[in-house]
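Spelled out from the first residue to the last, the chains are:
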Amino acid sequence: ISSILESSVFPSASYGAYAGEEVTSSCIAPAGGEVTAIFDGMHIPLEQVAIAEDGVPALFKGTATLAEDYPENVTTKVGTVSYVLTYEGKTSTTSSLGEIYVVGEGGKLVMQAAEYIGTVFSESNTNSDIIATLKQGCVDLVTDQTDDMCQLSSGGWIQKSTIDFVAGEASFQNNVSEVTMEQAENGDQTYTIKGTARPAFHADLDDDVFTITLYNTVNIQEGLFEYGDLFSDISQRVNDDESVTLQFTLGEGLSLWGYNVEFDLDGNLVLSFLLPPKLSDNPARPLEGVVVALDAGHGGEDPGSLGPGGSSGATEKDINLAITYETQRQLEALGATVSLTRSNDTRLSYEERCLPPENMKVDFYISFHQNSVAETTDSSSVSGTEIYYHYNTSAQFAQILHDTMTQCLGREPRGAIQSTYRVTRMTFCPSVLVENGFMSNPWEYESLCDSFTIFRTANAVAM
């Protein structure tokens, strides 16, 4: 090679350090070159770690001690690191993808969730268990970090690509001043907890008890919560780690359809508790009052899986949209209100797929997809339907939908499977991802493209 490999440059994501701390800069560059890292006025010569012939990719490292005179109690955004390479008489510069943040004496390194759904893992790798989901804007203290992940004071690790470090005097302590409750005509209850920060939280619904722990939260006084018609008891426990655990116990014989944790425009935490939808008394339109969100997977420049016809034939995104349109038609004929995440050939972000249904508090969410296998697999030997869900509150719906679709369509039942897909991680309603059939199987692909089969697929969902 004759230049620095951009993917190797430190930091690849934002990196937080403390004043007076040692920071090691590194990159992969051609052996025999001279590399200098530059940030915040410092020039750090990097040494080639291993002996290698000129031009062979080699690791370069250099360590520098940060100044101790950064502003106290403040996090300073230093910016990217520039790497200057001199090799074979030529000089080139490469900048890091991530930026350096330096915490002054007495300050705290604070992160803010930047994505609509921030995933917290049990270990510092994305193959470990998911232990929490943080909403956009949640703040928490960073207690440790790797090149691409941060450990949180609330527990677990989050990818740096999904967070921002907070520059300036970071405000993370959530002081609660007031709690208000509203009850809708259908019995749903909403609590607004007015505080000074958007706290990281862990939440769980187990039968008749909902539990939520709010981290870095103080001053929730006894008696702030009204029980309303849903709860027989609301208790709280102040923990040693400056968190508060709230426990909501449902009244006898009551059950929740779902719950939601979000933040309003003022940054206050809003807890919504949702009751099951009811069938209409109108036998011709039994789904009147029921709201369903349908998501056609992929779209735009992302075709999804390709069938035997390749890009010249119907692609996954096309079949997904066709099934969505037909399902909408049949559900609306039964009286349901149906919302489509996309109605044309566009590529949506996860936020665009999930946030509108969350704002509407829909009663069901279904994301349509088609399956595929690796090229090394005999494509004609794999067929059938899989349905994915994440929370236990979606398990029954996933199983019923799976059984109905496979029976009506005569497809191999591959099961209702617990997963971590983002579109299945909605807590306010049953949310599932349907892998309807295999694009890679020539026989099943022909069936997936058939207009009558699309009608039957939608009919099975509507049943």
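Placed above this text is the structure.
Residues numbered from 1 in each chain as written. Predicted model: local features only at pLDDT ≥ 70, side-chain atom pairs only at ≥ 80, totals over all residues. Heavy atoms only, no water.

Engineer: Describe in detail helix H3 (residues 395–409), supporting the description with residues and values.
Structural biologist: When the terminal C-alpha atoms of H3 are compared, their 21 Å separation across 15 residues agrees well with the 21 Å that a helix rising 1.5 Å per residue should span. Along H3, the positions that sit buried rather than exposed are Phe397, Ala398, Leu401, His402, Thr404, Met405, Thr406 and Leu409. In this structure, the buried residues of H3 make contact with strand E27 (364–371), strand E28 (385–389), strand E29 (413–418), strand E30 (431–438) and helix H5 (451–462). The positive-phi residue at the C-terminal boundary of H3 is Gly410, with phi of around 70°. (Helix = DSSP H or I, 4+ residues; strand = E, 2+ residues; numbered from the N terminus. Expected span 1.5 Å × (residues − 1). Buried < 20%, exposed > 50% of the residue type's maximum accessible area, 1.4 Å probe, protein only. Contact = heavy atoms within 4.5 Å.)

Engineer: Could you give an account of the nonpolar core, naming the residues involved and the relevant values?
Structural biologist: Within the largest apolar cluster, 42 residues are counted, with the highest numbers of intra-cluster contacts made by Tyr191, Phe248, Leu271 and Phe273. A total of four residues in this core trace back to one element, the largest contributor, which is strand E22 (residues 243–250). In this structure Leu271 touches Gln189, Thr190, Tyr191, Ile193, Phe210, Ile212, Phe248, Asn260 and Val261, once residues within four positions along its chain are discounted. (Core = buried A, V, L, I, M, F, W, Y, C linked by side-chain atoms within 4.5 Å.)

Engineer: An account of the sheet that holds strand E23 (residues 258–263) is needed here, citing residue identities and associated values.
Structural biologist: Reading across the sheet, the four strands line up as E16-E17-E24-E23 and stay open at both edges, with antiparallel pairing between neighbours. The open sheet terminates on both sides in strands that have one partner only, identified here as strand E16 (178–183) and E23. Direction aside, the axes of adjacent strands within the sheet are offset by 15° on average. One ladder, built from six bridges, connects E16 with strand E17 (residues 189–194); its direction is antiparallel. Bridged to Met181 within E17 is Tyr191. (Pairing = 2+ DSSP bridges. Axes fitted to C-alpha atoms, helices over the stretch in contact; angles between N-to-C directions.)

Engineer: Describe the pattern of salt bridges, with residues and values.
Structural biologist: Close approach of charged atoms lets side chains of opposite charge pair. With the rule as written, the count across this model stands at 12 salt bridges. Residue Glu115 pairs with Arg422 through a salt bridge whose shortest N-O separation is 3.0 Å. Here Glu115, found in the loop between strand E8 (110–113) and strand E9 (117–121), pairs with Arg422, found in the loop between E29 and E30; they are 307 residues apart in sequence, far enough to count as distant. Residue classification places Glu115 among the partly exposed positions, given a relative accessible area of 26%. The partner of Glu288 in a salt bridge is Arg285, with the nearest N and O atoms 3.1 Å apart. (Salt bridge = Lys/Arg side-chain N within 4 Å of Asp/Glu carboxyl O.)

Engineer: Lay out unusual backbone geometry in plain terms, naming residues and giving numbers.
Structural biologist: Residue Pro11 is bonded to the preceding Phe10 through a cis peptide linkage, with omega at -5°. Secondary-structure assignment places Pro11 in the segment before strand E1 (15–18). The backbone of Asp40 shows a phi angle near 50°, a positive value even though the residue is not glycine. Of note, Asp40 is situated in the loop between strand E3 (34–39) and strand E4 (42–48). With a relative accessible area of 45%, Asp40 lands in the partly exposed category. You will see that Asn73, though not glycine, has its phi angle at about 60°, which is positive.

Engineer: Please provide a residue-by-residue account of the sheet that holds strand E11 (residues 139–145), values included.
Structural biologist: Strand-to-strand pairing in sheets goes through backbone hydrogen bonds, with the strands running parallel or antiparallel. Taken together, the seven strands give an open sheet; going across it, the order is E10-E9-E13-E12-E11-E8-E14, and neighbouring strands pair in antiparallel fashion. Across the chains shown, the open sheet's two edge strands, defined by having one partner strand only, are strand E10 (130–135) and strand E14 (163–165). Ignoring strand direction, the axes of neighbouring strands in this sheet form an average angle of 45°. When E11 meets strand E12 (residues 149–152), the two strands line up antiparallel, connected through three bridges. Bridging across to E12, Asp144 finds its partner in Gln151.

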